[in-house]
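Here are the chains, one letter per residue:
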2 protein chains.
Amino acid sequence: MAELSRRSEVPVATIKYYQREGLLPPGTPTAATRAEYGEVHLRRLRLIRALVEIGEVPVATIRQILAAVDDPSVSLHDMLGTVQYSLGPKLAEPAGDDQDRRTVDELIAELGWNVSSIAPARALLAGSLAGLRRSGAVMPAAGLRGFAEVLRPLAAQEVATLEQAAADSTDRVALSEAAVTGIVLFERVIIALRRMAQEDASAGRYAAPG
Amino acid sequence: MAELSRRSEVPVATIKYYQREGLLPPGTPTAATRAEYGEVHLRRLRLIRALVEIGEVPVATIRQILAAVDDPSVSLHDMLGTVQYSLGPKLAEPAGDDQDRRTVDELIAELGWNVSSIAPARALLAGSLAGLRRSGAVMPAAGLRGFAEVLRPLAAQEVATLEQAAADSTDRVALSEAAVTGIVLFERVIIALRRMAQEDASAGRYAAPG
């Protein structure tokens, strides 16, 4: 276990905690006080760390994700869905009213996208549109569609990239880890670029003092 | 104050808390136990609520933002910067190493963008690139530039929209409120659309069971 800790850069106490929580299987016993840990443990530990540190996913939810990863009867699509649905941002406020939900339903229908009726992104979008509406900043449907159409080919590229990052499209643990880091970190890249673009646009318009 | 509470939908106890914290000025006294609150209080309260509920900004930071809003010698650009810099996501991990920071500097120089050296978006971008690199998913510089170029005209549009939402470009309180809701909620719109696009792309590739 000291070796596993060294290779994964995860403290021994933390590894033991994951074992108590049932996230990480025991090693293969080699003596009364020793056990062997292999690549399987190392890769599983990497996935757990990505979920904890990058995804900020609670332990109970990590258990559900690992159950989907371990169950080969769960399709890769449903497994990746379990990963994506576990990732924030969560909405503190109500997820919009009927009007907002209808806007989201119509948008998805027009785009012809295959999005589950229980996808948290539906509520996130409806709630955000409701907030924009309440603050007087209406988002026109054409604007939403335009943005969606820019994002769609990037998402296809991203899903294709998952397999490169995982190096093997049937490696469910590596695919899940690549999904967590890709989804969360790339969202931050977009947010950071967007904030910089706003700053530059504001500098052009408002930088003169007074 | 009961009237202010009714019109703003903020409980009286919360309004009193903001007054104790120095965020909201007292009303104009009209009798020993009564004070008059006007539009100025209502609009300031709306800004505070947007910062608390949508921006999840702590009270000490709200105090700094209001100081910039109240000081006419702070340019609109610096005021909006104070608002934007207060909004998450914060990075839990180190903001990347020298290599990542250099990548960000070079990107901003190539784009010719006017971005302050202390902008939190720089650290957010460097840290996200570091995380992607550590997970084996390198983001090519050309990809970053391409994304930045898509986002720039949208940001210009957004900054222009601020003034419409504020109805008056010199109304610093209304501009700040529109900035908070616009920045946070529109980021959620993008994240939601992106997650749906991923789900659709994954459905096309992985939905078959097994």
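The structure presented is a predicted model; accordingly, all values stated were derived computationally and were not measured. (Residues numbered from 1 in each chain as written. Chains lettered and ligands numbered in written order. Predicted model: local features only at pLDDT ≥ 70, side-chain atom pairs only at ≥ 80, totals over all residues. Heavy atoms only, no water.)

**Considerations on the packing of helix α7 (residues 120-134) of chain A against helix α9 (residues 172-206) of chain B**
Part 1: The contact between α7 of chain A and α9 of chain B brings their axes to 8 Å, and the two run at 155°. What the angle tells us is that α7 of chain A and α9 of chain B run roughly antiparallel. The interaxial crossing formed by α7 of chain A with α9 of chain B has left-handed handedness. In this structure, α7 of chain A contributes Ala121, Arg122, Leu124, Leu125, Ser128, Leu129, Gly131 and Leu132 of chain A to the contact, and α9 of chain B contributes Thr181, Gly182, Leu185, Phe186, Arg188, Val189, Ile191, Ala192, Leu193, Arg195 and Met196 of chain B.
Part 2: Here the residues of the contact of α7 of chain A with α9 of chain B sort into twelve nonpolar, four polar and three charged. (Axes fitted to C-alpha atoms, helices over the stretch in contact; angles between N-to-C directions. Helix = DSSP H or I, 4+ residues; strand = E, 2+ residues; numbered from the N terminus. Parallel < 35°, antiparallel > 145°, perpendicular 65-115°, else oblique. Left-handed = near helix turned anticlockwise from the far one by under 90°. Contact = heavy atoms within 4.5 Å. Nonpolar A, V, L, I, M, F, W, Y, C, P; charged D, E, K, R; others polar.)

**Some remarks on the pairing of strand β1 (residues 28-31) of chain A**
Part 1: Two elements, β1 of chain A and strand β2 (residues 34-36) of chain A, share three bridges in a ladder whose sense is antiparallel. Each residue of the ladder has a partner; that of Thr28 of chain A, found in β2 of chain A, is Glu36 of chain A. (Pairing = 2+ DSSP bridges.)

**Focus on the environment of Val57 of chain B**
Residue and element names in this part refer to chain B.
Part 1: Tracing the chain through its elements places Val57 in the loop between α3 (39-54) and α4 (59-70).
Part 2: Classification of Val57 as buried rests on a relative accessible area of 6%.
Part 3: Along the backbone, Val57 and Leu47 are ten residues apart, and their C-alpha atoms lie at a distance of 11 Å. (Buried < 20%, exposed > 50% of the residue type's maximum accessible area, 1.4 Å probe, protein only.)

**Focus: the interface of chain B and chain A**
By a frequent convention, interface size equals the accessible area lost on bringing the separate parts together.
Part 1: Between chain B and chain A, the contact holds 75 residues from the first and 76 residues from the second.
Part 2: Between chain B and chain A, roughly 7,300 Å² of surface is buried when both sides are summed, and carbon and sulfur atoms account for 66% of that area.
Part 3: Looking at the side of chain B facing chain A, the largest losses of area belong to Arg194, Arg195 and Tyr206 of chain B, adding up to 11% of the total buried there.
Part 4: With a closest N to O distance of 2.8 Å, Glu187 of chain B and Arg195 of chain A form a salt bridge.
Part 5: In this assembly, chain B and chain A are joined by 29 residue pairs in polar contact (both at pLDDT 80 or more).
Part 6: Among the elements that make up the side of chain B that touches chain A, the one with the highest residue count is α9 of chain B (25 residues). (Buried area = accessible area lost by both parts, 1.4 Å probe. Salt bridge = Lys/Arg side-chain N within 4 Å of Asp/Glu carboxyl O. Polar contact = N/O pair within 3.5 Å; in protein donor to acceptor, adjacent residues only side chain to side chain.)

**Overview of the relation of the copies chain B and chain A**
Part 1: Screw-axis analysis of chain B against chain A gives a translation of 0.0 Å along the axis, an RMSD of 0.0 Å, and a rotation angle of 180°. Each copy turns onto its partner about a two-fold axis.
Part 2: When the interface residues of chain B are mapped onto chain A, 100% of them again fall at the interface, so both copies present the same face. (Least-squares fit on C-alpha atoms with pLDDT ≥ 70 in both.)

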